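# Examining the three-dimensional arrangement
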Amino acid sequence: MIVAVYPGTFDPFTRGHEDIVRRAASIFDKLIIGVADSRNKRPFFTLDERLAIAREVLGHYPNVQIESFKGLLKDFVRSHEARVIVRGLRAVSDFEYEFQMAGMNRYLMPDIEMMFMTPADQYQFISGTIVREIAQLDGDISKFVFPSVEKWIKEKVAALAADRHSLPQQVQG
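Being a predicted model, the structure only gives us computed values, none of them experimental. (Residues numbered from 1 in each chain as written. Predicted model: local features only at pLDDT ≥ 70, side-chain atom pairs only at ≥ 80, totals over all residues. Heavy atoms only, no water.)

Attention now goes to the sheet that holds strand β2 (residues 30–36). Pairing in this open sheet of five strands is parallel, and the strands run β3-β2-β1-β4-β5 from one edge to the other. Each edge of the open sheet carries a strand with a single partner, namely β3 (64–69) and β5 (113–117). With direction set aside, neighbouring strand axes in the sheet form an average angle of 30 degrees. Pairing of β2 with β3, which is carried by six bridges, proceeds in the parallel orientation. If you follow Leu31 over to β3, its bridge partner there is Val64. Relative to β3, helix α2 (residues 47–58) is tilted by about 175 degrees, and along the sheet it contacts β2 and β3. (Pairing = 2+ DSSP bridges. Helix = DSSP H or I, 4+ residues; strand = E, 2+ residues; numbered from the N terminus. Axes fitted to C-alpha atoms, helices over the stretch in contact; angles between N-to-C directions. Contact = heavy atoms within 4.5 Å.)

Dropping the structure here:
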């Protein structure tokens, strides 16, 4: 049985992510979505929220498992006896970073293969950062994320806006 890990922050989970999952799930016996804790990146969604979102979007894939991880990817991969790490590439700018990471991962895990996949053409420009920015500016994100994800994002944006409005105004002196 060939087990693969698709790691990421998935903040939020986009149609591009799902496109990679759908295709990778058809290649491997088991695909584990590793949702990285990534506290140092200050994610928009909490780890528990990102896990719940991924489970909503991917729940219908019988060979896909969703788990969180902290620390080194190598430890997560080894704990699941995976043989492949799947990474998505949207543009040349992604390649440089992913190439460096692949080199480091090969050093740390010489027996693990890296597999790079590009999303379908209509998803190549989608990034979680751009989706969040459009949503925060009250733009339409329905073509970039699933309806359930759009709902999560709108609720989070509304909650953040409410929190900002409830902060006490600084006294001008």
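This next bit is on the environment of Val5. Along the polypeptide, Val5 turns up in strand β1 (residues 3–8). Note on Val5: relative accessible area 0%, which makes it buried. The spacing of Val5 and Val86 is 81 residues in sequence and 6.0 Å in space, taken between C-alpha atoms. Residue contacts for Val5: discarding those within four places in its chain leaves Leu31, Ile32, Leu73, Phe76, Val77, Ala82, Val84, Ile85 and Val86. (Buried < 20%, exposed > 50% of the residue type's maximum accessible area, 1.4 Å probe, protein only.)

The buried fraction of β2 amounts to six of the seven residues, a majority that puts the element mostly inside the structure. For β1 and β2, the ladder comprises six bridges, and the chain directions are parallel. Across the sheet, Pro7 pairs through a bridge with Gly34, a residue of β2. Tracing the backbone out of β2, into α2 and back to the parallel element β3 gives a crossover that is right-handed. (Right-handed = clockwise from strand over helix to strand, strands pointing away.)

This part covers α2. Over its twelve residues, α2 extends 16 Å from the first C-alpha to the last, a length consistent with the 16 Å expected when each residue adds 1.5 Å. Along α2, the positions that sit buried rather than exposed are Leu47, Glu49, Arg50, Leu51, Ile53, Ala54, Val57 and Leu58. (Expected span 1.5 Å × (residues − 1).)

Taking the numbering used here, the UniProt-annotated feature "domain: Cytidyltransferase-like" (unreviewed entry) corresponds to residues 5–133. A distance of 28 Å separates the end C-alpha atoms of residues 5–133, which is 41% helix and 21% strand. (UniProt positions renumbered as here; feature names shortened; annotations may be inferred.)

Ranked by size, the top nonpolar core spans 37 residues in total, and within it Val21, Leu31, Ile33, Leu58, Val64, Val86 and Ile153 carry the most contacts. Elements with a minimum of two residues in this core: β1, α1 (15–25), β2, α2, β3, β4 (84–88), α5 (128–136) and α6 (147–166). The biggest single contributor to this core is α2, with six residues. Beyond its immediate stretch of four places on either side in the chain, Leu58 contacts Phe13, Glu18, Val21, Ile33, Val64 and Ile66. Counting 14 residues, the second-largest nonpolar core is a separate cluster that includes Ile32, Phe69, Val77 and Met109. (Core = buried A, V, L, I, M, F, W, Y, C linked by side-chain atoms within 4.5 Å.)

With that settled, consider the environment of Ser127. With respect to the secondary-structure elements, Ser127 resides in the loop between β5 and α5. The exposure class of Ser127 is buried, given its relative accessible area of 9%. Along the chain, Ser127 and Phe10 lie 117 residues apart, while their C-alpha atoms are 9.5 Å from each other.

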